[in-house]
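Structural description and commentary
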Amino acid sequence: MTMGRNTKTGLKLLLDFWGRYHNLDNFHYQWAKDHLKTIFVRRREVLELSASTSYFVAKGLLARVEEDPLTLKRKIMSLALPNMALLCTVHLHSHHIQPGKLVALRSGILVSLPHTALRQFQADEKSIDTLIDIFSNKEKRQLALLREATMGFSPFDRYLNFARLLPEIKAVTTQIEQADLLGISRDTVQQAQYFLATAKMHRKKHG
């Protein structure tokens, strides 16, 4: 993992996103410049998972991953697309680390979010609560939709539900990544994709 020579891109994307939800002043920009750093990651790179730092995805695709200790089979627990973050702890004041490890599924740009700096800023500037709540709610919504898509369904139906409920993730992930996210085989992913494609063609033909 290498530190970028120019952090402007990552910070600008974070501040642009933050600015959608809160009017930002010069001191917000100065705080970000002083306390946050842009990290350039390569595909398959594993990030240090600690109770002191979380990561905002400016560009790329970041996953929280667990591996079965016996089979070493990968399970993708959650994903962060651009304008999302993976929080390493339950909340800013917690030291309980979320399970798994963080893996860059695509090369990209992350912004590290040191919890100490966030907590210090939080004491004087409540807009940081807005930012953290947005990140947390996005991840919770994704997990809720994944549960809705998978619980109690056959592997084939899991994929159909996934395609309907989480099209933005379907659009940016590979067949293997989708299989690891849904706990199904790649063959099932291919069969379901073929089914969806032929159904779409049928609708167009007879629409």
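This write-up is about the structure you can find in this document. All values reported here derive from a predicted model rather than from experimental measurement.

On to the overall build of the protein. Tallying secondary structure elements over the protein gives eight helices and seven strands in all. Summarising its shape, the C-alpha atoms of the protein cover approximately 55 × 45 × 30 Å along the three principal directions. The 207 residues of the protein split such that 44% are buried. In the protein, 72% of the contacts between residues at least 6 apart in sequence involve partners at least 24 apart. Entry remark: accessible area of the protein is about 11600 Å², with carbon and sulfur atoms responsible for 53%. Across the protein, the 30 positively charged side chains and the 19 negatively charged ones have centroids separated by 8 Å.

Okay, the pattern of salt bridges next. Between side chains of opposite charge, pairing is possible as soon as their charged atoms come close. Within the structure shown, the criterion is met by five salt bridges. The partner of Asp180 in a salt bridge is Arg74, and the shortest N-O contact between them spans 2.8 Å. Pair noted here: Asp180 is in helix 7 (residues 175–182) and Arg74 is in strand 5 (residues 74–80), with a separation of 106 residues, a long-range link. Asp180 sits in the buried class, given a relative accessible area of 9%. For Arg74, a relative accessible area of 25% puts it in the partly exposed group. The partner of Glu177 in a salt bridge is Arg106, and the shortest N-O contact between them spans 2.7 Å.

Attention now moves to the packing of aromatic side chains. Per the counting criterion, the structure on display carries nine aromatic pairs. Considering the side-chain rings of Phe56 and Phe135, the 5.6 Å spacing of their centres and the 40 degrees angle between planes classify their relative orientation as tilted. One end of the pair, Phe56, is in strand 4 (residues 53–67); the other, Phe135, is in helix 4 (residues 127–150), and 79 residues separate them in sequence. The exposure classification of Phe56 matches that of Phe135, with both residues buried. Through a chain of ring-to-ring contacts, three or more aromatic side chains come together here, namely Phe17, Tyr21, Phe56 and Phe135.

Now for the packing of helix 1 (residues 8–18) against helix 4. Where helix 1 meets helix 4, the closest approach of the two axes is 11 Å, and the angle between their N-to-C directions is 95 degrees. In terms of their interaxial angle, helix 1 and helix 4 are classed as roughly perpendicular. Between helix 1 and helix 4, the contacting residues are Leu14, Phe17 and Trp18 on the first element and Ser127, Ile128, Leu131, Ile134, Phe135 and Lys138 on the second. Its residues assigned to classes, the contact of helix 1 with helix 4 comprises seven nonpolar, one polar and one charged.

Let's shift gears to the nonpolar core. If you look at the biggest cluster of nonpolar residues, it comprises 36 residues, and the most contacted ones within it are Tyr55, Leu62, Leu79 and Tyr159. In terms of residue count, strand 4 provides more of this core than any other element does, six residues in total. The residues contacting Leu62, other than those within four sequence positions of it, are Leu47, Tyr55, Val57, Ser78, Leu79, Ala80, Leu86, Leu102, Val103, Ala104 and Leu110. By size, the runner-up hydrophobic cluster in this structure holds 24 residues, among which are Leu24, Ala58, Ala117 and Ile132.

Mapping Thr188 onto the fold places it in helix 8 (residues 186–206). Classification of Thr188 as buried rests on a relative accessible area of 13%. In contact with Thr188, other than residues within four places in its own chain, are Pro155 and Phe156.

The subject of this paragraph is the pairing of strand 7 (residues 101–114). With respect to burial, strand 7 is a largely interior element, ten of its 14 residues being buried. Strand direction decides the pairing type here: strand 2 (residues 37–41) and strand 7, joined by five bridges, are antiparallel. Residue Ile39 lies in a different strand from strand 7, and its bridge partner there is Leu110. Pairing between strand 3 (residues 46–47) and strand 7: two bridges, direction antiparallel. If you follow Leu47 over to strand 7, its bridge partner there is Leu102. Sheet topology places strand 4 next to strand 7; eleven bridges connect them, and they run antiparallel.

Thresholds, definitions, all that
Residues numbered from 1 in each chain as written. Predicted model: local features only at pLDDT ≥ 70, side-chain atom pairs only at ≥ 80, totals over all residues. Heavy atoms only, no water. Helix = DSSP H or I, 4+ residues; strand = E, 2+ residues; numbered from the N terminus. Buried < 20%, exposed > 50% of the residue type's maximum accessible area, 1.4 Å probe, protein only. Contact = heavy atoms within 4.5 Å. Areas by Shrake-Rupley, 256 points an atom, 1.4 Å probe, with all protein chains shown as cover. Lys, Arg positive; Asp, Glu negative; His and termini not counted. Charge placed at Lys NZ, Arg CZ, Asp CG, Glu CD. Salt bridge = Lys/Arg side-chain N within 4 Å of Asp/Glu carboxyl O. Phe/Tyr/Trp six-rings, centres within 6.5 Å; stacked < 30°, edge-to-face > 60°. Axes fitted to C-alpha atoms, helices over the stretch in contact; angles between N-to-C directions. Parallel < 35°, antiparallel > 145°, perpendicular 65-115°, else oblique. Nonpolar A, V, L, I, M, F, W, Y, C, P; charged D, E, K, R; others polar. Core = buried A, V, L, I, M, F, W, Y, C linked by side-chain atoms within 4.5 Å. Pairing = 2+ DSSP bridges.

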